[in-house]
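Remarks on the overall topology
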Amino acid sequence: MDSPLQFKELFLGSFEVDRNKGDRQWETSWIGRVYELHYKLLAGDTGLPIVGIVALLTLILKLTGIVLWPSWRKLVIGT
């Protein structure tokens, strides 16, 4: 009976901390959707490997760009 974690946003009054003004599911809020976009491309479980592959390719592209840049030695030496 392992259920996925569910988070809720809780709205409290500014002066009445002990009073609950309302709550909603975090996953359906706008910040939950932005998180899903950045973490899984809104594609569920298949989006996570896609994001990982794109991140790895971006890292490789950056490293080869630094190595192949003609004046990277000047940057390392500091001249």
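Residues numbered from 1 in each chain as written. Predicted model: local features only at pLDDT ≥ 70, side-chain atom pairs only at ≥ 80, totals over all residues. Heavy atoms only, no water.

**Topic: the overall build of the chain**
Applied cut-off: Helix and strand definitions here come from DSSP, where helices need a minimum of 4 consecutive H or I residues and strands a minimum of 2 consecutive E residues; each element is numbered from the N-terminal end. The buried label applies to any residue whose accessible area, calculated with a 1.4 Å probe on protein chains only, is under 20% of its type's maximum; exposed applies above 50%, and partly exposed to all values in between.
Across its full length, the chain carries three helices and two strands. Secondary structure elements in the chain, listed N-terminal to C-terminal, are β-β-α-α-α. A buried classification covers 6% of the 79 residues belonging to the chain.

**Topic: the environment of valine 51**
Spelled out, the test is: The contact criterion used throughout is that any non-hydrogen atoms of two residues lie within 4.5 Å.
By the element assignment, valine 51 lies in helix 2 (residues 47–68). Here the alpha-carbon distance between valine 51 and leucine 41, two residues 10 residues apart in the chain, equals 7.3 Å. The residues touching valine 51, leaving out its near neighbours within four places in the chain, are His38, Tyr39, Lys40 and Leu41.

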